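So the chains spell out like this:
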Amino acid sequence: MTDPRQALRHDLRQRRRDLSAPARIAAAESLADALLTLPFAPHEGAVAGYWALDGEIALHRWQLQLPGTLRYCLPVLHGDVLRFAPWRPGQPLTSNRYGIPEPDIAIEDTLEPAQMALVVTPLVGFDAQCRRLGMGGGWYDRSFAFRHDRPAPPWLVGAAFSVQQVESLPVASWDVPVDAICTEAGTLLPSAAPVNA
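Each value, and the rule that gives it
Residues numbered from 1 in each chain as written. Predicted model: local features only at pLDDT ≥ 70, side-chain atom pairs only at ≥ 80, totals over all residues. Heavy atoms only, no water. UniProt positions renumbered as here; feature names shortened; annotations may be inferred. Helix = DSSP H or I, 4+ residues; strand = E, 2+ residues; numbered from the N terminus. Expected span 1.5 Å × (residues − 1). Buried < 20%, exposed > 50% of the residue type's maximum accessible area, 1.4 Å probe, protein only. Arc of directions from axis to C-beta. Contact = heavy atoms within 4.5 Å. Polar contact = N/O pair within 3.5 Å; in protein donor to acceptor, adjacent residues only side chain to side chain. Pairing = 2+ DSSP bridges. Axes fitted to C-alpha atoms, helices over the stretch in contact; angles between N-to-C directions.

The protein chain is annotated in an unreviewed UniProt entry as 5-formyltetrahydrofolate cyclo-ligase of Stenotrophomonas lactitubi. Per its UniProt entry, the protein chain bears the Sequence similarities (unreviewed entry) comment "Belongs to the 5-formyltetrahydrofolate cyclo-ligase family." Quoted verbatim from the Catalytic activity (unreviewed entry) heading of the UniProt record, the comment on the protein chain is "(6S)-5-formyl-5,6,7,8-tetrahydrofolate + ATP = (6R)-5,10-methenyltetrahydrofolate + ADP + phosphate".

Draft legend 1. Local environment of helix H1 (residues 5-17). For H1, built from 13 residues, the straight-helix expectation of 18 Å at 1.5 Å per residue is met to within 8% by its first-to-last C-alpha distance of 18 Å. Inspection of H1 places Arg-5, Arg-9, Leu-12 and Arg-16 among the buried residues, and these make up the whole buried set. In a view along the axis of H1, the buried residues occupy a sector of 75°, so they form one face of it. Exposed side chains of H1 directed beyond 90 degrees from the buried face belong to Ala-7 and His-10. Elements in contact with the buried residues of H1: helix H2 (21-36), strand S7 (125-126) and strand S8 (132-133).

Draft legend 2. Broad picture of the UniProt feature "binding site: substrate" (unreviewed entry) in the protein chain. Feature annotation in UniProt assigns "binding site: substrate" (unreviewed entry) to the following positions: Glu-56. If you trace the backbone, Glu-56 turns up in the loop between strand S1 (45-48) and helix H3 (60-65). If we skip the residues at most four places from it in the chain, Glu-56 touches Arg-16, Tyr-50, Trp-51, Pro-122 and Phe-161.

Draft legend 3. View of the side chain of Asp-127. Positionally, Asp-127 belongs in the loop between S7 and S8. Among the polar contacts made by the side chain of Asp-127, one reaches the main-chain amide nitrogen of Gln-129 at a distance of 3.0 Å. Here Arg-131 takes part through its side chain, which lies 2.7 Å from a polar atom of the side chain of Asp-127.

Draft legend 4. Representation of the sheet that holds strand S10 (residues 180-183) in the model. Read from one edge to the other, the open sheet built from 7 strands follows the order S3-S2-S1-S6-S9-S10-S11, with strand pairing classed as mixed. The two strands at the open ends of the sheet, each matched to only one other strand, are strand S3 (81-86) and strand S11 (186-188). Recorded for the sheet is a direction-independent mean angle of 30° between the axes of neighbouring strands. Direction of pairing for strand S2 (residues 70-78) relative to S3: antiparallel, over a ladder of 6 bridges. Looking at the pairing, Cys-73 lines up with Pro-86 of S3.

Draft legend 5. Representation of the UniProt feature "binding site: ATP" (unreviewed entry) in the protein chain within the structure. The UniProt entry lists Arg-132, Leu-133, Gly-134, Met-135, Gly-136, Gly-137, Gly-138, Trp-139 and Tyr-140 under the feature "binding site: ATP" (unreviewed entry), expressed in the numbering used here. Residue position: Gly-134 is located in the loop between S8 and helix H4 (139-143). Aside from chain neighbours lying at most four places away, what touches Gly-134 is Arg-9 and Val-124. Position of Gly-136 among the secondary structure elements: in the loop between S8 and H4. Gly-136 sits in the exposed class, given a relative accessible area of 55%.

Draft legend 6. Region of interest: the environment of Asp-80. In this fold, Asp-80 is placed in the loop between S2 and S3. Looking at Asp-80, the relative accessible area reads 46%, which means it is partly exposed. Taking the C-alpha atoms as reference points, Asp-80 and Arg-16, 64 residues apart in sequence, are found 27 Å from one another. Those residues in contact with Asp-80, other than ones at most four positions away along the chain, are Trp-139 and Arg-142.

Draft legend 7. Summary view of H2. With 16 residues, H2 extends 23 Å from end C-alpha to end C-alpha; this agrees with the ideal 22 Å at 1.5 Å per step. Along H2, the residues classified as buried are Ala-27, Ala-28, Leu-31, Ala-32, Ala-34 and Leu-35. Across the axial projection of H2, the buried residues extend over an arc of 160°, all falling on one side. Exposed and oriented more than 90 degrees from the buried face of H2 are Pro-22 and Ile-25.

Laid out in structure tokens, this is it:
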């Protein structure tokens, strides 16, 4: 049986790919402001972003503006879950099985999902209720399944272009909810009015 969300993923990925380079750059600037001003933005500990591919909104400006008390990490595949590796521009990278760059460090030097203060997740689509549609691999849902039974931290924040918003998304029992979604247009919080960046 095919996943009815696959066609939606295809359409939404094309929406973000169709954005012009100037629009992408401006959006990444505004996204950084939204992430930095989150009401629960941590001041210490480890935070994670992602390596933007396939038209995903970039996080480089956010990363470069983080306070020095925070360690920036990138996700690393480990078995069927994610771990997080501290990384700075210029440090060695290697490609994982999907061709996504990861820090080239030993797995014992990475952090477990529960050790993170905040994790910014990529997404394909989202709705006003802060439901997130990922690529369908379940990496973030498996890695943060413990959030079903306990509150943040880690805080989970989806990042996207505003054109990736849809009216409503179905929710599966294994979907781990995010605590906010940030776009270049502002921040959405669950069951709350939008907060402008």
